[in-house]
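Report on the structure
Residues per chain, in single letters:
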Amino acid sequence: MAQLCRTANALRADVERTVLREAGLTWTTYDVLMLVCTRQVVEPPAIAAEAGISRATLTNALGLLSDRALVRRELHEHDLRRTVVRPTHAGMALAELLRQRADARQADLFAAPGMPSEADVAQALTVLANRFHQSAGAVTEERFQ
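Here's a quick rundown of the structure. (Residues numbered from 1 in each chain as written. Predicted model: local features only at pLDDT ≥ 70, side-chain atom pairs only at ≥ 80, totals over all residues. Heavy atoms only, no water.)

When its secondary structure is counted, the chain shows 6 helices and 2 strands. Counting from the amino terminus, helix and strand elements in the chain follow one another as α-α-α-α-β-β-α-α. Expressed along its principal axes, the backbone C-alpha trace of the chain runs to roughly 55 × 40 × 25 Å. Of the roughly 9300 Å² that the chain leaves accessible, carbon and sulfur atoms contribute 55%. Separation between the mean location of the 17 positive side-chain charges and that of the 17 negative ones in the chain comes to 6 Å. (Helix = DSSP H or I, 4+ residues; strand = E, 2+ residues; numbered from the N terminus. Areas by Shrake-Rupley, 256 points an atom, 1.4 Å probe, with all protein chains shown as cover. Lys, Arg positive; Asp, Glu negative; His and termini not counted. Charge placed at Lys NZ, Arg CZ, Asp CG, Glu CD.)

This is how it looks when you write it as structure tokens:
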């Protein structure tokens, strides 16, 4: 388990260094931006739960993304006591650019001799993540696909 955590941390740090630094994002702000862009309209508690971060961390991330006009917070359409987060056009464009760069970095990493295929690793990680979330009663398999 420790090796899996160290590997995840090393990969996260590599992506921050090689892909995100130029855009001025951290892993957390990138993850939040990608979640918002994927969902299009999402409430902050759902973002925090899916990203596995505290509400305070989410507030900081949304503040940075909002200040850079990458996302916008709005009142919920049917319940004015709640808010939703939506991506802006600039946010969608940056998310797509970063996705392409992250995919290219991933391809580079898997091009090393002796590495299993990206698909095999992705499948194993998806199954593992789903087992953890199902045992916690969280979500279905579709969440990680």
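Throughout the structure, instances matching the rule amount to 1 aromatic pair. Look at W27 and Y30: their rings are 5.4 Å apart centre to centre, the planes differ by 55 degrees, and that puts the pair in the tilted class. In this pair, W27 and Y30 both sit in helix α2 (residues 27–39), 3 residues apart, roughly one turn of the helix. (Phe/Tyr/Trp six-rings, centres within 6.5 Å; stacked < 30°, edge-to-face > 60°.)

Inspection of helix α3 (residues 44–51) places P44, I47, A48 and A51 among the buried residues, and these make up the whole buried set. For α3, the buried positions fall inside an angular range of 95 degrees around the axis, keeping them on one side. Tucked into the core, α3 has its buried residues touching α2, α4 (55–67) and β2 (83–87). After α3 finishes, the residue G52 shows a positive phi value of roughly 70 degrees. (Buried < 20%, exposed > 50% of the residue type's maximum accessible area, 1.4 Å probe, protein only. Arc of directions from axis to C-beta. Contact = heavy atoms within 4.5 Å.)

A separate point is unusual backbone geometry. Its identity as a non-glycine residue notwithstanding, Q40 has a phi of 75 degrees, on the positive side. Following the sequence through the fold, Q40 ends up in the loop between α2 and α3. Positioned with a positive phi, A69 is a non-glycine residue whose angle comes to about 60 degrees. Positionally, A69 belongs in the loop between α4 and β1 (71–75). On the basis of relative accessible area, A69 is assigned to the partly exposed category, the value being 42%.

With that settled, the discussion passes to the packing of α2 against α4. Close contact between α2 and α4 brings their axes to 9 Å; oriented N to C, the two are set at 75 degrees. Between α2 and α4, the angle is such that the two are roughly perpendicular. Here α2 contributes T28, T29, V32 and L33 to the contact with α4, which in turn contributes T57, L58, A61, L62, L64 and L65. Looking at the contact of α2 with α4 residue by residue, the class counts come to 7 nonpolar, 3 polar and no charged. (Axes fitted to C-alpha atoms, helices over the stretch in contact; angles between N-to-C directions. Parallel < 35°, antiparallel > 145°, perpendicular 65-115°, else oblique. Nonpolar A, V, L, I, M, F, W, Y, C, P; charged D, E, K, R; others polar.)

For D14, the location among the structural elements is in helix α1 (residues 2–20). D14 sits in the buried class, given a relative accessible area of 10%. Those residues in contact with D14, other than ones at most four positions away along the chain, are V19, R105 and L109.

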